[in-house]
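Now for the letters of each chain:
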Amino acid sequence: MESKILKFSSLCLAIMIVVSAAFMYYTDTYGQERYKQQPGQQEEMSGLQMLEYYTEQAEESDEVEFEQQLCIELPEGMGMEEVLIENDYVKQLITVEIPQVGADYFVDHPLLGRSNHINDLYMADGRIEITMDAVYEPQCMVEDGRLYMDFLRPQDIYDKVIAIDAGHGGGAPGAIKQGIMEKDINLAIIRELKELLDKNDRNIGVYYTRTEDVNPTFEQRAQLGGKAGANLFISVHSNSTVDGLMSGYNGTEVMYDELKSEEGFSSRRLAQICLEEVTASIGSKDNGVTYGNSIYIIRNSEVPVALIEVGFMTNQQELDNLTSPGYQRKAAQGIYNAILRALEEGF
Ligand SMILES: [Zn+2]
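Notes on the structure in this doc start here.

**A closer look at unusual backbone geometry**
Link 1 in the chain: Unusually for a residue other than glycine, His117 sits at a positive phi of about 60 degrees.
Link 2 in the chain: Considering the arrangement of structural elements, one finds His117 in the loop between β4 (112-113) and β5 (118-124).
Link 3 in the chain: Given the relative accessible area of 42%, His117 is considered partly exposed.
Link 4 in the chain: A positive phi is found at Asp144, a non-glycine position, where the angle reads about 50 degrees.

Below is the structure:
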């Protein structure tokens, strides 16, 4: 029995060797073929390959030593304040712009460092685009004409982290009633909420899918909570009846993921808190919490999620309310109270 197993495993090993040898031969000849077809033409290195290549060279010649992840040589006399750094959290894209340098700047002054957590790197015309594998906050310092960058996760900076979504946007208006677009109501409420959260003195990191009239993909919206390592994710919408006709039906409801709804810090609990706080703040009818797993951003959220339908655009009174700045502020206050209560509960 044992020798049979032994014979079988040596046969497997032999097959593996033959297969990998054939594969190596194939890839080698394929590579040579391709090279022959394009004489003298070398494949361009990707940004990440350049980073690794130049860093290896610099290490061999002991040129630089640094602890931070990236090192960028700055033009003589340039300080931190002249370097423009932008962070697109939705795309996890960090852009570093060094003004007034030539197209070959990064050829003459290569970027050095480690590729940890960097999915993609692009360099041209004094501009570096760094696509990270999650949301990071860059930490920068300038010393001896060099800009050093490290990347911190939101949870390393903040006590709590939340993700907020204003439904629809850009070319996706959502419901339209009497010329009023749902995307604008949702955004107005989120902007009021942002004002409240900006003023809050607790150490909460807030990441928004949008604060402008733009339309991130469903995937980008659903992933933001997970990518930011958020404790919770709240999406804000305005409701319509199924037939879209004006009616007496009104009130607030909050959707949750019924398939990820264990006891404790669940989507359902978060939805219940949002429902109670929003109805208390705007004085709307409580329509309860409802199943939301059929909704893409609910189903695909990696963190506890609640989708608030603040009120009905198909109800004349609520439509008037939803477009009034005072009511929008109250709705934002309700969501704000819900966030603080959820975080206090331990989300
Ligand atoms: Zn909507």
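**Looking at the environment of Asp184**
Link 1 in the chain: Relative to the helices and strands, Asp184 resides in helix α5 (residues 182-199).
Link 2 in the chain: For the pair Asp184 and His168, spaced 16 residues apart in sequence, the C-alpha separation works out to 8.8 Å.

**Considering the environment of Glu318**
Link 1 in the chain: Within the fold, Glu318 resides in helix α9 (residues 316-322).
Link 2 in the chain: Placed 80 residues apart in sequence, Glu318 and Ser238 show a C-alpha to C-alpha distance of 9.9 Å.
Link 3 in the chain: In this structure, Glu318 is in contact with Asn250, Gly251, Ser284, Gly311 and Phe312, ignoring residues within four places of it in sequence.

**A look at the packing of aromatic side chains**
Link 1 in the chain: This model, assessed by the stated rule, comprises seven aromatic pairs.
Link 2 in the chain: Arranged with centres 5.2 Å apart and planes meeting at 75 degrees, the rings of Tyr53 and Tyr54 form a pair that is edge-to-face.
Link 3 in the chain: Sitting over the face of the ring of Tyr136, Arg153 holds its NZ or CZ atom 5.4 Å from the ring centroid.
Link 4 in the chain: Residue placement shows Lys285 over the ring face of Tyr249; its charged tip is 5.1 Å from the ring centre.

**Thoughts on the nonpolar core**
Link 1 in the chain: Counting residues in each nonpolar core, the largest one holds 43 residues, and the members touching the most others are Leu193, Ile234, Ile335 and Ile339.
Link 2 in the chain: Element by element, the count of residues in this core is highest for helix α10 (residues 325-345), at ten residues.
Link 3 in the chain: Residue contacts for Leu193: discarding those within four places in its chain leaves Ile164, Ala332, Ile335, Tyr336 and Ile339.

**Thoughts on the sheet that holds strand β3 (residues 93-97)**
Link 1 in the chain: Within the open sheet, the four strands sit side by side as β2-β3-β6-β5. Their pairing is antiparallel. Bordering the open sheet on either side are β2 (84-88) and β5, each of which pairs with just one other strand. Sheet twist, expressed as the average angle between the axes of neighbouring strands with direction ignored, equals 10 degrees.
Link 2 in the chain: Relative to strand β6 (residues 127-132), β5 is paired through six bridges, and the arrangement is antiparallel. Across the sheet, residue Ala124 finds its bridge partner in β6, namely Arg127.

**Description of the pairing of strand β13 (residues 232-239)**
Link 1 in the chain: Most of β13 sits inside the fold, with eight of its eight residues counted as buried.
Link 2 in the chain: Neither face of β13 is open: one carries Leu232, Ile234, Val236 and Ser238, the other Phe233, Ser235, His237 and Asn239, and all of them are buried.
Link 3 in the chain: The pairing of β13 with strand β16 (residues 305-312) spans six bridges and is parallel. Across the sheet, the residue bridging to His237 is Glu309, located in β16.

**A short note on the environment of Lys91**
Link 1 in the chain: Within the fold, Lys91 resides in the loop between β2 and β3.
Link 2 in the chain: Distance in space between the C-alpha atoms of Lys91 and Met132 is 8.6 Å, their sequence separation being 41 residues.
Link 3 in the chain: Excluding anything up to four places from it in sequence, Lys91 contacts Thr131 and Gln220.

Procedures and definitions
- Residues numbered from 1 in each chain as written.
- Predicted model: local features only at pLDDT ≥ 70, side-chain atom pairs only at ≥ 80, totals over all residues.
- Heavy atoms only, no water.
- Helix = DSSP H or I, 4+ residues; strand = E, 2+ residues; numbered from the N terminus.
- Buried < 20%, exposed > 50% of the residue type's maximum accessible area, 1.4 Å probe, protein only.
- Contact = heavy atoms within 4.5 Å.
- Phe/Tyr/Trp six-rings, centres within 6.5 Å; stacked < 30°, edge-to-face > 60°.
- Lys NZ or Arg CZ within 6 Å of the ring centre and 35° of its normal.
- Core = buried A, V, L, I, M, F, W, Y, C linked by side-chain atoms within 4.5 Å.
- Pairing = 2+ DSSP bridges.
- Axes fitted to C-alpha atoms, helices over the stretch in contact; angles between N-to-C directions.

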